[in-house]
Structures are given as structure tokens and as C-alpha cells.
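Now for the letters of each chain:
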Amino acid sequence: VYQKLGQLDKALETHEKALEIKIPALGKSHVDVADTYGNMGRVYEKLGQHAKALEMYQEELESTIPALGNRHRTVGQIKQRIGTIFHILGDMNEARRHYDQAFDIFVADNGEDDAAAKILAPFVTKSNVSSSQPNHVPGPLPGLGHIRCPKGHPLQFLGLLPRGWLCDGQQLCARGAGAYLQTIGVPRYRCDQCDYDLCDRCFERDARE
């Protein structure tokens, strides 16, 4: 509830208290404990504290594998989240490693036509996917460091991430991306402090103005 209201410090406090109750009662290797770690990771992401988010997602994974096994789809989803954080932090070797592991789990579950596998396909090691799948990750556009959020903070280039987000392009996104799924695989420019994001085309439009 606190997370939905934007009261992130309160949300963290609530999750920490929940862990104090759940771990003695259920043990650490329990899906309810894992879920709480995952929720804390998402809160830290919203706060822009990606190193802490990574720590929580790794705890989530550690609690999930003994409970569900290391090939369960939930494990793939957590590995994808961990890969995304490494991606944001600039460690592409670790990002690719986790993307590869998640992709393998999704493909084993439903084949390469699996929706989650298709989202990850552009981000995994080329040998893991068919030659028809894209694998190019573009660099930042000119203007990085000059284009800023409405409060004047410089935007960070996050590249392409295997999950959706909302573009905050003024009035109308230049890509017409009005839903989370429409920005999967779209270059992203972000201000963590203000939770402000632009797609590549909105960034380019602002650079011209």
C-alpha cells in the first residue's frame, strides 16, 4: 500500500518488519520470504538505489531456489531482474550471464516462442538464439549530459532493457508509446531522482529544440 502511495521509506520499513516475522516462522528458503525481498528490491529501484536493489534481488533468488528449484520460471524472472540491474550499473558481462540463464529457463518452459524469451532474445549471447533474432544494442545519442529532466538533472542513458517503462515525453511520446509493453527494447534515458524517463525519439526531439 505504501509503495503504491509513493511512500517508499514507509514501504521499506513495512517490508523489513515483515521479514523479522517471516524468517523465524517460515525459514529463509520460503516463497513468502522471497516475495518480500523482491518487493524491497523494487522499492530500492524506485529510489534509484540500484546496488541495494541488486542485493535484495539476490536475496530473493537465494530464498526461491531451495523452495522451487533452479529451473522454475520464477527463478528465470528473478534472474532477468538481476540482469537488468547489472545492465543499469554498466556490468554487461554479468547482465548477459543472467539474461542467458533466464532465457534458457524460459525456452525450456515454452520454447523460443515464449513471450518472455522473445523479450530477452535481443539481449542474450548470440549463440543462445536463432540467427533471425536481433542482438544489436545501440549507444547513446548526441546530447547526453545536456538534455535534462524538468527539474534540471542530467539524464542517464540506460540503453535497451528487457522490460517496459513509461515515457514522459511532453504531451505525447514521439514513438507513440503509451503503455509499458510498447517500450520493451526501446533506448531509455532516465533521471532516477525524479523518476523521469524519455525514449530515444523524445530525447532526440528535445535535443533539436
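Residues numbered from 1 in each chain as written. Predicted model: local features only at pLDDT ≥ 70, side-chain atom pairs only at ≥ 80, totals over all residues. Heavy atoms only, no water.

S.K.: Tell me about the environment of Cys199, and please be specific about residues and values.
M.R.: By the secondary structure assignment, Cys199 is in strand E3 (residues 196-199). Separated by 11 residues in sequence, Cys199 and Arg188 place their C-alpha atoms 5.0 Å apart. (Helix = DSSP H or I, 4+ residues; strand = E, 2+ residues; numbered from the N terminus.)

S.K.: Describe the pairing of strand E2 (residues 188-191), naming the residues involved and giving the relevant values.
M.R.: Burial along E2 is two-sided: the residues Arg188 and Arg190 and Tyr189 and Cys191 are all buried. With three bridges connecting them, strand E1 (residues 156-159) and E2 associate as antiparallel partners. Residue pairing across strands places Phe157 opposite Tyr189, the latter belonging to E2. Between the antiparallel neighbours E2 and E3 lie four residues, among them Asp195 with a positive phi of about 55°. (Buried < 20%, exposed > 50% of the residue type's maximum accessible area, 1.4 Å probe, protein only. Pairing = 2+ DSSP bridges.)

S.K.: Describe the packing of aromatic side chains, listing the residues and the values that go with them.
M.R.: On inspection of all chains with the given rule, the structure shows three aromatic pairs. Ring geometry for Tyr189 versus Phe203: centroids 3.9 Å apart, planes at 15°, classification stacked. You can see Tyr189 sitting in strand E2 and its partner Phe203 sitting in helix H7 (residues 200-208), a full 14 residues away along the chain. You'll find Tyr189 and Phe203 in the same group, each marked buried. Here the aromatic residues Phe157, Tyr189 and Phe203 are joined through ring pairs into a cluster of three or more. One Lys or Arg, Arg81, reaches over the ring of Tyr57 and ends 5.6 Å from the middle of that ring. (Phe/Tyr/Trp six-rings, centres within 6.5 Å; stacked < 30°, edge-to-face > 60°. Lys NZ or Arg CZ within 6 Å of the ring centre and 35° of its normal.)

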